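# Structural description and commentary
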Amino acid sequence: MSTIEFARAYIGRLCKDIGTTADAIYNKKTNAWYFSRGASTIEVFLTTFETGQNTERTFIRCISPIITIPGDEKNKLAIFQKALELNNLHMGIKVSSNAKMGLLCAIAERDIEGMDYDEFINLIKDIGYWADHLDDHFK
C-alpha cells in the first residue's frame, strides 16, 4: 500500500470510528474531507509537490476557519499582528490568512511519510482544539 493509500485508509478508519464514512464527508469539488469539532469545521486534504531532487512529498493539511478578516485597514492590521504573535506562541499550529475566502485560519500540516494512525488522529484533534481556542483570541 502506498503512503497516500495509508493516509486515505486512516481517514476511512477515523470516519468509521466517529460513525460516518469517508464518502459522506468528502467534497469532490475541493478534494477534501470535512470534519467538525464543536463550532469548528476542519478541512482535511492531501497536497503533493515535487522537490528539488525530482521526488514527490505528500503532506496532510488540516485547515479550520477562525474568523472573517475585517474590511477596514485598522482592524485588519490588528488581526494580522495578533496572528503573528500567536504563531510565535503555539507549536504545531499556524495562523494564516486566506484572502480568496476572506478568512483567518488555523493550519496544521505534516509529511505523511512514516505517519502512524495516532499521529494522524492527533493532528486532526489538535487543529480542532486550536481553531476553537484561537477564535477566542480574536473576539
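Structure first, text after, so check above.
One structure accompanies this document, and this report is about it.

## A word on the overall build of the protein
Along the protein, the regular secondary structure elements total 4 helices and 6 strands. The order of α-helices and β-strands along the protein, N terminus first, is α-α-β-β-β-β-α-β-β-α. For the protein, the C-alpha radius of gyration of 16 Å lies close to 14 Å, the compact-globule estimate for 139 residues. In the protein, which comprises 139 residues, the proportion classed as buried is 39%. Restricting to contacts in the protein with at least 6 residues of sequence separation, those with at least 24 account for 51%. Surface exposure of the protein reaches about 8,600 Å², of which carbon and sulfur atoms provide 51%. Here the protein contributes 16 positively and 19 negatively charged side chains, and the mean placements of these two sets differ by 4 Å.

## So, the side chain of Thr58
Relative to the elements of secondary structure, Thr58 occurs in strand 4 (residues 56-68). Among the polar contacts listed, one links the side chain of Thr58 to the side chain of Thr48, at a separation of 2.8 Å.

## A short note on the pattern of salt bridges
Tallied over the entire structure, the rule returns 5 salt bridges. Arg57 is the salt-bridge partner of Asp111, the closest N and O atoms lying 2.8 Å from each other. With Asp111 in strand 6 (residues 103-111) and Arg57 in strand 4, the pair connects residues that are 54 residues apart, well separated along the chain. A relative accessible area of 16% means that Asp111 is categorised as buried. Here Arg57 falls in the partly exposed class, since its relative accessible area comes to 35%. By sharing partners, the salt bridges in this structure join Arg61, Lys94 and Glu109 into a single network.

## Details of the packing of aromatic side chains
Counted according to the given criterion, the structure contains 7 aromatic pairs. Ring centres 5.5 Å apart and planes at 65° place the aromatic pair Tyr10 and Tyr117 in the edge-to-face group. Highlighted residues: Tyr10 in helix 1 (residues 3-17) and Tyr117 in helix 4 (residues 117-135), separated in sequence by 107 residues. Comparing Tyr10 with Tyr117 shows no difference in burial state: the two are buried. A centroid spacing of 5.1 Å and a plane angle of 50° characterise the contact between Tyr26 and Trp33, whose relative ring orientation is tilted. On the basis of relative accessible area, Tyr26 is assigned to the partly exposed category, the value being 28%.

Parameters at a glance
- Residues numbered from 1 in each chain as written.
- Predicted model: local features only at pLDDT ≥ 70, side-chain atom pairs only at ≥ 80, totals over all residues.
- Heavy atoms only, no water.
- Helix = DSSP H or I, 4+ residues; strand = E, 2+ residues; numbered from the N terminus.
- Rg over C-alpha atoms; globule rule 2.2 N^0.38 Å.
- Buried < 20%, exposed > 50% of the residue type's maximum accessible area, 1.4 Å probe, protein only.
- Contact = heavy atoms within 4.5 Å.
- Areas by Shrake-Rupley, 256 points an atom, 1.4 Å probe, with all protein chains shown as cover.
- Lys, Arg positive; Asp, Glu negative; His and termini not counted.
- Charge placed at Lys NZ, Arg CZ, Asp CG, Glu CD.
- Polar contact = N/O pair within 3.5 Å; in protein donor to acceptor, adjacent residues only side chain to side chain.
- Salt bridge = Lys/Arg side-chain N within 4 Å of Asp/Glu carboxyl O.
- Phe/Tyr/Trp six-rings, centres within 6.5 Å; stacked < 30°, edge-to-face > 60°.

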